[in-house]
Every structure is written in C-alpha cells, then in structure tokens.
Amino acid sequence: MWFKYNLGREYALKGINLSIEEGEMVGVIGPNGSGKTTLCLTLNGIIPHLLPGEFKGQVVVCGINTLEHSVPEIAQNVGIVFSEPDFQISQLTVEEEIMFGPANLGVPRHEIESRMRDVIEVLGLKGLEKRPPHTLSGGQKQRLAIASVLSMRPKVLVLDEPTTQLDPAGTEEVFQAIKALKERGVTIVVVEHKIDFLAEYADRIVLLYKGRVVLDGRPKEVFSDIDTIVGCNMGLPEVTEIFHLLKKKGLYGKKELPVTLEEAYDEILDSW
Amino acid sequence: MMIEVENLYFTYPGNVQALKGVNLSIEEGEFVAIVGPNGSGKTTLALHFNGLLKPTRGCVYVKGKDTRETCVEELSTVVGYVFQNPNHQLFNLTVRDEIAFALKRRLTKSELEERVEDALSLFGLKAFEDLNPFTLSLPLKKLVAMATVYAMKPEVFVLDEPTTGQDFFGAKLVENAVLKVRDTGKTIIVITHDMKFVARHVKRVIVMVDGEIAFNGEPCELFDQSTQDARKTLERAKIKPPKTALLSYMLMQDGGFKDLPANLLTPEEFVEALAKLRSKSVVKCL
Amino acid sequence: MSLKGFYIQKDSWLHRLDPRTKMAYLVVSAAVVFIFFNPLAVLAVLFINLTLIFLAKTYVVLKGALAKILLITLVLNIVVHGFASPAGKTPVSLFNYTLWIPFFESLKWEGMYVGLVFGLRIVALGLSLLFFVSTTHPTDFLNSLRRLGLPVKYTLMLSISLQLIPEMLDESRIILNAQRARGVRLKNSVDKLKAIISTFIPLTISSLEKMNIISMSILARGYGAPVKPTEIRRLGLKPVDIIVIFLTFSMLALALYIRIFYGDLSLF
C-alpha cells in the first residue's frame, strides 16, 4: 500500500506490506514523521475517506476493504484511540461517553448497557460512571477513551501513542488495560515510543522509517538489530542497551539480546 | 541562595489546595529535577519562581527578592520559564525575530545582535534563523523556545517537561541543549517524568506528592531499591526507577551478586561495575 | 476538558423542556425585539428572559464574561449612536453643559434613544441565548436538530464547535501566561491588545489541530453511520412543551397585532 497526502510532497507510506493475525499484539515504532500515525489512520478508513490523497494498493481489515466502506461502517470493527484524551471525549458524563459509540451504531439500548458494564469492569472505571470527564485524571481519561471505543466491540484496537501525554502512573494504568485487552483476544496495534513496554508484551514489532517497513519480527529479533535501529535514529530498551555495551566490551556473545528485565536477569545469571 | 521557598502554601480559585507547606532552597548553578505525579504541584511550584503565581501563604525569594512584591516582567529577567508546549510561546515570523522579541525594548541594537547570534549558535539554530518557527519540527520548536528564553540571559532556567512527547531523536536533541545551558553555569530546574534523564544528568531530585515534598536528595539515593524509604517514596509518587537500577538490585538481592551496588543508574555504570566484578573473580563467559 | 459550552446542570422544569420548545422561544423572542422600536417593549422581553434564567436557577451564567460584554455593548451603542446617528437632532444639555466632540458635534437625545433600543435588543437576545444554552444539554440539542431534519454534516460541525470553544478559552489563558513569562508586558491596554492579537496565531493553529482530532474521533466512533442511532436520552414533546409553545406563539401573535394596528411604538 502506498499513500501520499494531498498537501504532501512525497509519499508518506511506501510499499507497505503487512499482515496481522487475529489476537496478535503488534507494536509499531519509529521516529516522528515516519508514517506511524498515517498507517494507523489507514486501518480504519480515515485515510482515504476523510484525509484524501493518492492511495495505491488496499487495506483489508476483518475481511472488509477500507476503500469500499465508510468510516462509521468500519468503526464497527476497528476502534482507534489517539494520544490526547481531551479531544476524544465529547460527552458530559463517563457513562454517556461509553454509550456514545454503540448508540451511533444503532445498538439496542439494553445491549449498550450490558456492554457498558462489561467495559467499565475491564478498564477499572467502576464508581466513576456519573462523573464529568474533565474531573478525571489523565490516566482515567485515557482509559475512558479506550472504554468508549471498546464498547463498540471492535475486533481490532489501534492505539496511537496512548501514553504520550500521561505521567508514569497514568502510563502504567493504560499499559495494564492494554494487557487485559490482549488477554481477551482483541487484536491490538500500538504505536509507542516507550519501547520497554512493547518489548515485553508485543508479539511483533514493526519498525517504520521514512514511510517504509524496515524491520518486522519478534521483539528480540528487532531490538538485537542494533545497526538498523541506531541508523533509524531510534533508541533501545534499557536492558538491551546494557547488553549491547557488554557485547562491545567482549563480555557477551549471543546474537539475540535480552529485551526484558527478566530475560536480562536470567542471561546475567547464566553467563556469570 | 538563588531560590528560597519558605513554608509555601498555594490554593487555586475554587479551593483546590495545590501546595501544602513546601520548603526548598536551590543554590546557584544547581541542576535540579522536580518529579511526581500529575497534580502533585510541580508546575504550581515552578510558576512561583517567576512570579506568575503568588503565594497564598508563605513566601518565595528569588535572588533575595520577595516574589509577592516583584512583578512578573522583572522576575522573568532572572528566571526564564520554558513552557511545555512551545506553540504557546512562539508567535513571530522568523526564528531570529522570535529570539529578539523580548529584547527589543531593553537593549541597544548591537547588544541585541550579539545576544541573538549567541543564542542561535549555542542551540545550533543558525541554519534556521530565517524560517518561520511554526514550520519547524517539535524538538526544533522547543530549541527555539529555549533560545528565546536564553537570550534574555536569565540566571535560572525552568523547563516544564522538555522531553515529554518526543521521539528518541527529538528527546536527545533537547537533552543536549539543556546540557549546553547547564554548561554555561545557569541554575537549571527541570520538571520531568523521564527517569532516565534524571538518572543520567541530574544532581538533585525533588519528589512531590500531593502538594508536599516527599524526597529531596540525590538520584542514586532515590532509586536505591535496597532502601525501604526510597521504595516507599517511589510507590507514593507512582514512579518506577530506571531498569538498570532494578536489575542491579535484583542481582544483588536474589542473584548472589553481593558486591554489586544496588543503585546503579545508567547502562554505562552497570557495565563498568560488572566488568570490575568479573576481573575480580573467576567467571565463565559465553 | 470537555465542559461542553455553558450548559449548567440543574433540575428545573425549564431544563426538562424539549429543546425544540426552547428553540421556538429563542426565535420568537428575537422576532419580538425587532418588531418594536421602543425600549420598554424590548425591556419587557429582557425581563422575561431574566425571569426564565432565575426560574431555571442558572443565574451563575450572568457572572461570566459574556454578561459583561453585553453590558459594554449596551453602553457603547448608546454613546456611539448618541453622537453619530443621523436621527439625532436635539442636543443633550445638562446644567448648561453640552458634551461636544469634533465632526460628530454634540450628544443628541434621539441618537441615544436609537442606541438604547439597539443595545437593549442585543442584551435581550444575548440573554435568550444564555438561557437556551444554560438549560439545554448539548446532546439533546443536537438530537433535536437531527429530528428537525438537519443533515448529519451540520450537527457534526456544531458538535465539534461546541467542544472547541471552551478549549480555546482555556488555551488562550495559558498562552497569555506563557507570553508574560517571555517578558511580554501587559501593563497598559495597548500592550494587552497587542498580546491578545499575538495569541491569535498559536491559538488558531492549535485549534485547527484539535479540530482535526475531534472530528476524526467522532467519526471513528460511528457518528453518521447509515443506521438509526439509539437515543440514550429520551426526547419528546410533553404537555408542558405544548403549553409553552402555545404561550410563545401567542406572544408573537400579540406583538404582530400591536405592530399592525399601532405601529412600532417609537417615541420619536
């Protein structure tokens, strides 16, 4: 798939070939401007329907070709959460916010209510139902944004830098929520700069650089390719950095480097 | 003493008590970080340093001047404040104009030229001097905002979340710029959530929780997982130490690496310490 | 922050009226103030509006900047028309002292009268609007517009604007603070004006960005899907609504009657 914005000078996405299995969690990383958000927007039809441009190739999500259906239609299968919770929340209470999505899709009232109860449970929003969203903390607001998308029961959830505006506490809340959703079998695509989280929980990492997919594989595979990562102006998970330095000093020789704390701990105990 | 905060209380209109008896002193040339959850009062505290907020009770002295009796315009020549969103502080047509803006009324033409050139070169912005700030990328905009504040030659630099919301490259760019400012001898106060940054560069970290100071000391103390107090503080502030510190603690505690310090902060420190240990004992290596 | 517009949640029968009823009142009251050229007639509508606001217990809305703007507009109208209106003939003299400025000459009674009527009209309309906005839940408002047949495109735009305005107000406050920290002086009114103008660019750009995200969010949540949306809040015309609509249109009929047979009641 190729895409160029109308006002863009060159293609924002070049020759993207990507397939994601049901239930997978894919982390998308890359420097700003490499096309991550653009990619997310192609997954639910906002590109090309709302943001026109030159679109080549196709995007098929849950069996639906995004070119042939409107955004609200695709919304039944693909939910998207952006990084600024304030602009995604439009209703006056938490409850109303969660019910907004399914109401737009014409879901019957009693069904909406049961979905709402479920979603509140999963995202830990109990007790906040009648609260106006502006009284919530950053982490709560973002969980509300996720909840209000989840109530539409999408099969795929796309999160574009969900924790960028949050403090560590809020970030942790959102990551826990994403973990819980993964356990439920939701297919998740997360764009994040906080690669330590992705290294631990994602099944796959896709590195996007200047509109192209440069790396696509397991976290260990991707993060061990130090040269490519550094060449794309990206950083490494902290523990991987440690092992990279150990390798440079000749103290570690394996090809694949640990990417999580547990792996690092185990590897050090093994080697020494 | 550059900044002195005595028993500071601050309540926002609507009866929200944001600061509850804060006591703090910051000396000239220090590099301090203020961390803590959102809503703990970090920004509220920092806004007292340039007089944008005045104490409800207690006082704040900047270079000996009581902020209750000094206006913002005057304080902003001593304390430069770089806001989190550079879009809020930039509104001129070129980078050069932006930097010169606040100086126009105060300096002669040649002095102004000198300051602008100085700021442009310190931040590496010479190549962008005639561009419109709004067309620049976020990290560059942050550098421009920093340059404009720098040009006013304040003695204290307050940066509100400089690396938040950036990718790796952008964060590095801003980080390096902050270090350059530090090297010119300014007092630097950074509000941040980036613990890696704190671990690498900051000499003193202040943890705020619920309007009070919960910790005031060195990062290696704060991130030392072997200390109960430090662990409790981090829990209250909902902060996690850098993974390096966690790893060194785990190895020391459970892994039998009893000679390893539990509070190593950076990958470089860790590798050094591990290499030293290795040379002291017989190890097997893969 | 999603405090949508100026809606204030209270439990009064006026809040429970269908938005269409209140819209009807808004339109009729606007018509009535323009039918007559008499400050007393306009004051009558103004008084009704104030009563409605008090009955709905949303009077806190009168403390806001909007109320102050309305008052300033009233005074400005009186003064400007007082000097400049072509209807003016009789100069205003108090204790043998006449207010005089070059080109426009003196303040005149007829001009002040014109200004008073114009100004009061704006205040009355402003109050009608404040009443409407403070007692109507935005979702209800948009739903009733949809029921009246307004295409989704427009209700969507309205929805976005309703969200954007309080955001912009918040943001402009932060921007002004940020500029003060940069040494921008706010000591006199000229400086204040310059500062406000220089906030336009940052404000516009950030508003455009926000608008983008808000609209993408709303559409990604299914707004405008080709199905009949489920209404969470129940809308419907109740007996109270019928009575109020009837009273409103009676007021209109009365006004028209007086106008036709007695003219516009101008005192000059």
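On a predicted model such as this, the values are computed, not experimentally measured, just so you know.

Moving on to the overall build of chain B. The helix and strand tally for chain B stands at 11 helices and 10 strands. Across the 286 residues in chain B, those meeting the buried criterion constitute 50%. Here the analysis covers contacts within chain B between residues at least 6 apart in sequence; of these, 61% occur between residues at least 24 apart.

Residues and elements named next belong to chain B. The antiparallel open sheet is built from 4 strands, whose spatial order is E2-E1-E4-E5. Edge positions in the sheet fall to strand E2 (16-26) and strand E5 (65-66), since each of these pairs with one other strand and no more. With 5 bridges connecting them, strand E1 (residues 3-12) and strand E4 (residues 57-62) associate as antiparallel partners. Residue pairing across strands places Tyr9 opposite Arg57, the latter belonging to E4. The strands touched by helix H1 (residues 42-49) within the sheet are E1, E2 and E4, with E2 carrying the most contacts at an inclination of about 60°.

With that settled, the discussion passes to the nonpolar core. Ranked by internal contacts, the top residues of the largest apolar core, which has 187 residues, are Ile34, Leu143, Ala147 and Val158 of chain B. With 9 residues, helix H5 (residues 138-151) of chain B is the largest single contributor of residues to this core. Residues in contact with Val158 of chain B, not counting those within four places in the same chain, are Ala46, Phe49, Val79, Gly80, Tyr81, Val82 and Ile189 of chain B. In this structure, Ala41, Phe83, Val114 and Leu120 of chain C belong to the second largest nonpolar core, which totals 33 residues.

This paragraph deals with the interface of chain A and chain C. Every contact between the two is made by 34 residues of chain A and, on the other side, 25 residues of chain C. Broken down by secondary-structure element, the contributors of at least two residues to the side of chain A that touches chain C are helix H3 (71-74), helix H4 (85-88), helix H5 (94-104), helix H6 (109-122) and helix H7 (138-150) of chain A. Of all the elements, H5 of chain A adds the most residues to the side of chain A that touches chain C, at 6 residues. When its residues are assigned to classes, the side of chain A that touches chain C shows 20 nonpolar, 9 polar and 5 charged.

Attention shifts here to the packing of helix H12 (residues 238-248) of chain A against helix H11 (residues 267-280) of chain B. Close contact between H12 of chain A and H11 of chain B brings their axes to 9 Å; oriented N to C, the two are set at 45°. The pairing of H12 of chain A with H11 of chain B is recorded here as oblique in orientation. Our pair here, H12 of chain A against H11 of chain B, has a crossing hand that is right-handed. Residues Glu238, Glu241, Ile242, Leu245 and Leu246 of chain A of H12 of chain A pack against Pro267, Glu268, Phe270 and Val271 of chain B of H11 of chain B. Grouping the amino acids of the contact of H12 of chain A with H11 of chain B by side-chain chemistry returns 6 nonpolar, no polar and 3 charged.

Turning our eyes to something else, we now look at helix H7 (residues 152-181) of chain C. Under the 1.5 Å per step criterion, the end-to-end length of H7 of chain C is 43 Å for 30 residues, consistent within 8% with the ideal 44 Å. The set of residues buried in H7 of chain C consists of Ser159, Leu162, Gln163, Glu167, Glu171, Ile175, Ala178, Gln179, Arg180 and Ala181 of chain C.

Turning our eyes to something else, we now look at the domain arrangement of chain B. The assigned domain composition of chain B is domain 1 (1-78 + 154-239), domain 2 (92-151) and domain 3 (242-286). For domain 2 of chain B versus domain 3 of chain B, the separation of C-alpha centres amounts to 45 Å.

In this section: the environment of Ile72 of chain C. Relative to the assigned elements, Ile72 of chain C resides in helix H4 (residues 65-84). Separated by 47 residues in sequence, Ile72 of chain C and Gly119 of chain C have C-alpha atoms that sit 9.2 Å apart.

Our focus in this paragraph is the environment of Arg231 of chain B. Turning to its location among the elements, Arg231 of chain B is positioned in helix H9 (residues 228-237). Between the C-alpha atoms of Arg231 of chain B and Pro241 of chain B, which are 10 residues apart in sequence, the distance is 9.3 Å.

It is worth spelling out unusual backbone geometry at this point. Cis geometry is found at the peptide bond from Ile47 of chain A to Pro48 of chain A, where omega equals 10°. Among the structural elements, Pro48 of chain A can be located in helix H2 (residues 46-49). Notably, Lys63 of chain B is not glycine yet its phi reads approximately 50°, a positive angle. Inspection of the secondary structure puts Lys63 of chain B in the loop between E4 and E5. The exposure class assigned to Lys63 of chain B is partly exposed, which follows from the 15 C-beta atoms found within 10 Å.

What counts, and where the lines are drawn
- Residues numbered from 1 in each chain as written.
- Chains lettered and ligands numbered in written order.
- Predicted model: local features only at pLDDT ≥ 70, side-chain atom pairs only at ≥ 80, totals over all residues.
- Helix = DSSP H or I, 4+ residues; strand = E, 2+ residues; numbered from the N terminus.
- Buried ≥ 20, exposed ≤ 12 C-beta atoms within 10 Å, placed from the backbone.
- Contact = placed C-beta atoms within 7 Å.
- Pairing = 2+ DSSP bridges.
- Axes fitted to C-alpha atoms, helices over the stretch in contact; angles between N-to-C directions.
- Core = buried A, V, L, I, M, F, W, Y, C linked by C-beta atoms within 7 Å.
- Nonpolar A, V, L, I, M, F, W, Y, C, P; charged D, E, K, R; others polar.
- Parallel < 35°, antiparallel > 145°, perpendicular 65-115°, else oblique.
- Left-handed = near helix turned anticlockwise from the far one by under 90°.
- Expected span 1.5 Å × (residues − 1).
- Domains from an automatic or database assignment.

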